[in-house]
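# Structural description and commentary
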Amino acid sequence: MNFDTGKALAGIVMPLAAGAVMTATPALAQSGMNTTSLQHEVVLEDLEGPWDMSFLDDGTMFFTEKCNGLSVRMPDGTVNPLLGMPEAEGYPSTADDLFCEGQGGMQGVAVDPNFSENRRVYVYSTSNMSDPHTNRLMRLVVNEDFTEVSDRTDIVDDVPYKMEASDHPFGGPGAHNGGRVRFGPDGALWLTTGDNHNEEIPQSPTMMGSKVLRMDTDGNAHPDNNPPEGFDPRTYTYGHRNVQGIAFHSETGTAITAEHGPWHSDEITVLENGGNGGWDPRSNMAGREDCPDDYCGYMPNQNEGMNRYERAAFMPMTDFETYPDAMPPVWSNNGWSQGTSSAAFLEGEEWGDWNGAMVVGIMGIGFGGTPIGQRIDVIEFNEDGTEVVDVTEMTLPMGSGRFRSVVLGPDGSLYTAVDEGMIHKLTPGGSSSE
């Protein structure tokens, strides 16, 4: 099957089919040109499923590989493995309870803002320590020469995990874990989670999937969280599908998420404290009847291609009819679902007109005639960060890939991990180094 690159389609918000709810976002045209050229460097290669990165100010880079573990790349380029899965080789220590299966494994990583004092790093991974298994956010302490970690503390141990296969696309165990870990400008620790193909999780007040959590570094709820009555106090927002991207607006500090859609409508959403993302895939509600294994998330015609706006009308990503006060997305990927993953804000005058813009990595799906669309989009907001005013596909100096993570390094360059096993560095100005 031949696919369009998605270049002319990225980020344009189109009218929905009759009966579907439109967002207030105006239609946006691609500006079509970069404001800067990019130098390119391959930072690491021959990795196995690199998932995330986090930096110290001197360029030290912690990174995860989904089925291997946590490692660190030193400023001189030396790589030290730190904590591995049970069967991973070359790690000074392994954790017997950690494992990878399907989409699950070792995912997000974040360095403590006070690392120079406490040497703490936070890692999210699947664990079989409990039954049913869960996803856990672990706090680790790194030794002085960056060769080992110790003092593991599981500060979150109750994010649900999908134990068994179900009758859905990508329906095996381990689906939809979320997994991004970030510190916000307020010093709080944020974690994104997913719905596990479990219809009850998104709107559940106590199941910690489909949520964005805001906490302190011990895993306690942030005192300013304002979830609805009866909700777990760690909840900042709920009603999500599978958030793998969260970033904080350069000026306002507001949290903004990037999220996978269900064969339609990848979304970017400006979060509201206590807000509902509006995802509710339960059977026998909102005009739907029974769905496969009680989860309507890919209906109708879950394994066949069809008009994406018809899908959105039947199983909306943000269901305003049921939840009229749900948080509206500010971008919907032209109604496509192409695997919108990580997000970060560009900062620095060297980025020109893109200084202060958000970038999102798109991994590409290519289902049912959907353009594959593997790319990095630059999302420009208005001054207060409430509306998208322009979207540009970044012209890359290297081949495309499944852009799993985008992170701004302390040197002002954009680092991106791709599922194909590499971490790239993109630096504004000049020509490619290759």
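Residues numbered from 1 in each chain as written. Predicted model: local features only at pLDDT ≥ 70, side-chain atom pairs only at ≥ 80, totals over all residues. Heavy atoms only, no water.

### As for the confidence of the model for the protein chain
- Residue-level pLDDT values for the protein chain average 91, and 91% of them are 70 or greater.
- Every residue in residues 1-33 scores below 50 in pLDDT, and together they form 72 contacts with partners more than four places removed in sequence or on other chains. (pLDDT = per-residue confidence, 0-100. Contact = heavy atoms within 4.5 Å.)

### Some points on a negative patch on the surface
- Negative charge collects at one region of the surface, where D167, E200, E289, D290, D293 and D294 lie side by side.
- Within the fold, D290 resides in the loop between β16 (267-270) and α2 (308-314). (Patch = residues over 30% accessible without salt bridge, like charges linked within 9 Å, V, L, I, M, F, W, Y side chains within 5 Å. Areas by Shrake-Rupley, 256 points an atom, 1.4 Å probe, with all protein chains shown as cover. Salt bridge = Lys/Arg side-chain N within 4 Å of Asp/Glu carboxyl O. Lys, Arg positive; Asp, Glu negative; His and termini not counted. Charge placed at Lys NZ, Arg CZ, Asp CG, Glu CD. Helix = DSSP H or I, 4+ residues; strand = E, 2+ residues; numbered from the N terminus.)

### What to know about the pairing of strand β5 (residues 79-84)
- Two elements, strand β4 (residues 69-73) and β5, share five bridges in a ladder whose sense is antiparallel. Within β5, the position partnered with S71 by the bridge is P81.
- Hairpin connection between β4 and β5: a loop of five residues separates the two successive antiparallel strands, and G77 in this loop has a positive phi of roughly 95°. (Pairing = 2+ DSSP bridges.)

### Examining the state of the cysteines
- The final tally for this structure, using the stated rule, is two disulfides.
- Disulfide partner of C67: C100, at an S-S distance of 2.0 Å. Because the sign of the S-S torsion sets the handedness, a value of about 100° for the bond joining C67 and C100 places this disulfide among the right-handed ones. Of the two residues, C67 sits in the loop between β3 (61-65) and β4 while C100 sits in the loop between β5 and β6 (106-111), which places them 33 residues apart along the sequence.
- A relative accessible area of 33% means that C67 is categorised as partly exposed.
- C100 gets classed as partly exposed once you look at its relative accessible area, which sits at 28%.
- Disulfide pairing is shown between C291 and C296; the S-S distance is 2.0 Å. (Disulfide = S-S within 2.5 Å. Buried < 20%, exposed > 50% of the residue type's maximum accessible area, 1.4 Å probe, protein only.)

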